[in-house]
Every structure is written in structure tokens, then in C-alpha cells.
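Residue-level structure breakdown
Given next are the chains, with one letter for each unit.
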Amino acid sequence: MFVVGLTGGIGSGKSTVAELFVARGVPLVDTDMIAHRITAPGGLAMPHIAAEFGAEFVNADGSLDRTRMRTLAFSDETARKRLEGITHPLIRAETEREEREARGPYVIVVVPLLVESGAWKDRANRVLTVDCSVDTQIARVMSRNGFSREQVLAIIARQATREARLAAADDVIVNDDTPLEELEAQVDAHHQAYLSLAKGETES
Ligand code: ADP
């Protein structure tokens, strides 16, 4: 399957753009949803997390105690690495399974941290970055999540820079003060290009 990796900073409009591809019949794999699912009750990562970190990190319903894990992972780099050692291979395996099962001309895989987690660049046939200014990100996330300006800035500071995401991109969607029709037009143009690239790949 021809894989388009869709990325962008928080509030750039990844979900909005992803939905526009879905509306054009393109199957979607969302790595954030997979990350959430493997740490939900009965999730694939939970037995490993319990064994590695102890039962106190598991809620009564069998899901990950996110608050407790977040506190640990933020203060302890080694713990964060140990957690990622469990979750990343599982996310990758689940993503690949969903890619294989997807039915459509090509598949869009939403990877918020594609640029940060280097391996992704080789796994996607194309990297599509949704780009907007930091000011736009701040305004959107403040209004969507009710976060303070400082909270949004702290999240942005932990992500790759706008420049790094643009440098990693094969294709860019500009989503600043972009009216929906303009966003749709950009999605249409990329969709057409991906259809022919994907077709070329299956024929070769
Ligand atoms: P991400 O998934 O990258 O965090 P979202 O797609 O959720 O970003 O977009 C963040 C917020 O900004 C959402 O509330 C969304 O509705 C809004 N938004 C995204 N693009 C636009 C746009 N072009 N014009 C107005 N609002 C937008």
C-alpha cells in the first residue's frame, strides 16, 4: 500500500485535513488513536507496562494511569525511554497491521511526531506536512482545549520546529487563515497526485 505520512504541529490542522482525505475515500490510520487503544483497558501494552513499572500504574479498569505515568515520564528521562520501548514497537506493529487491512487507493497515516521519530520518514512514501504559524497554533489550541498561552507554548517547545517539519516534507498544506474551500482545493491537488503516484507504484 502507498503510504502518505501526515504530520504537523499541535493545532496545525492535521485532523481537519485528515477528514478531508477521508471524505475523498482515502482510508486513515491514526497513530494517536492506536497509542490510546494499546493503553486502554485490556490494551496490548498493559501487561508489559504492569510488569515493567508495577501495578500502581494500572487503573482498576485495567487502563494506564495516565496522570501518574505522565508525571514520571516528564521527570525521568529513563522511565520515558522504558515506556517508549514498550509502546513504540506495539504502535508500529498495529499501524502496519491497519495499513495492510486498509482498502483504498492509498492510505493516510497521521503521525503527529513523524519528524521527531526519525524512523517514520523511511516508512512513508510521501510526507505531507500541514503548516501554519506558531501564533495560529497558539490561538487554535487555546480555543479548542481551553489551555493558557503558556501551556500551548510548553507543548510546542517539546515538538519539532516548524522549519524541521517543513524540511522533512515532500508536500505541504498551508493552513493559516485558510478558508475551507482553499483547504479543500489543496487537498484535492495532493489527492490527485497521490492517486497517480500510488497507481504507478502498483503497476511497477
Ligand atoms: P491538529 O489535529 O493538528 O491538532 P486540528 O485539525 O484539530 O489540529 O485543528 C485545530 C483547531 O483549529 C480545530 O478546532 C479546528 O477546527 C481548527 N481549524 C483547523 N484549521 C482551520 C482553518 N483553516 N480555519 C479555521 N479553523 C481551523
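Note that the structure is predicted; figures quoted are calculated from it, not measured.

1. With respect to the domain arrangement of the protein
Taken domain by domain, the protein consists of domain 1 (1-27 + 106-199) and domain 2 (32-101). For domain 1 versus domain 2, the separation of C-alpha centres amounts to 24 Å. With nine residues of domain 1 at the contact, the number on the domain 2 side is six residues. When the two sides are added together, the surface that domain 1 and domain 2 hide from each other amounts to roughly 610 Å², 58% of it contributed by carbon and sulfur. The largest contributions to the domain 1 side of the interface with domain 2 come from Pro112, Arg123 and Arg158, which together make up 55% of the buried area. Run the count over domain 1 and domain 2 and you get two salt bridges. Remark: the boundary between domain 1 and domain 2 carries two residue pairs in polar contact (both at pLDDT 80 or more).

2. Side note on helix α3 (residues 46-53)
Along α3, the residues that are buried comprise Met46, Ile49 and Phe53. An end-on view of α3 places all buried positions within 60° of arc, on one side of the element. Residues Pro47 and Ala51 are exposed on α3 and point more than 90 degrees away from its buried face. Elements that come into contact with the buried residues of α3 comprise α2 (31-38), α4 (66-75) and α5 (77-101).

3. Structural notes on the pattern of salt bridges
Enumeration according to the criterion identifies 15 salt bridges in this entry. Across the salt bridge formed by arginine 24 and aspartate 188, the nearest N and O atoms sit 2.6 Å from each other. In this pair, arginine 24 sits in the loop between α1 (14-22) and β2 (28-30) while aspartate 188 sits in helix α10 (residues 180-203), placing the two residues 164 residues apart along the sequence. Using a relative accessible area of 21% as the deciding quantity, one classes arginine 24 as partly exposed. Residue aspartate 188 is classed as partly exposed on the basis of its relative accessible area, which comes to 33%. If you follow the salt bridges from partner to partner, you end up with Arg37, Glu94, Arg97, Glu98 and Glu101 in one network.

4. A few points about the sheet that holds strand β3 (residues 107-110)
Here we have five strands laid out as an open sheet, ordered β2-β3-β1-β4-β5, and parallel in their pairing. Two strands lie at the open edges of the sheet, namely β2 and β5 (171-174), each paired on one side alone. Adjacent strand axes in the sheet meet at a mean angle of 25°, parallel and antiparallel pairs treated alike. Pairing between β2 and β3: three bridges, direction parallel.

Rules behind the numbers
Residues numbered from 1 in each chain as written. Predicted model: local features only at pLDDT ≥ 70, side-chain atom pairs only at ≥ 80, totals over all residues. Heavy atoms only, no water. Domains from an automatic or database assignment. Contact = heavy atoms within 4.5 Å. Buried area = accessible area lost by both parts, 1.4 Å probe. Salt bridge = Lys/Arg side-chain N within 4 Å of Asp/Glu carboxyl O. Polar contact = N/O pair within 3.5 Å; in protein donor to acceptor, adjacent residues only side chain to side chain. Buried < 20%, exposed > 50% of the residue type's maximum accessible area, 1.4 Å probe, protein only. Helix = DSSP H or I, 4+ residues; strand = E, 2+ residues; numbered from the N terminus. Arc of directions from axis to C-beta. Pairing = 2+ DSSP bridges. Axes fitted to C-alpha atoms, helices over the stretch in contact; angles between N-to-C directions.

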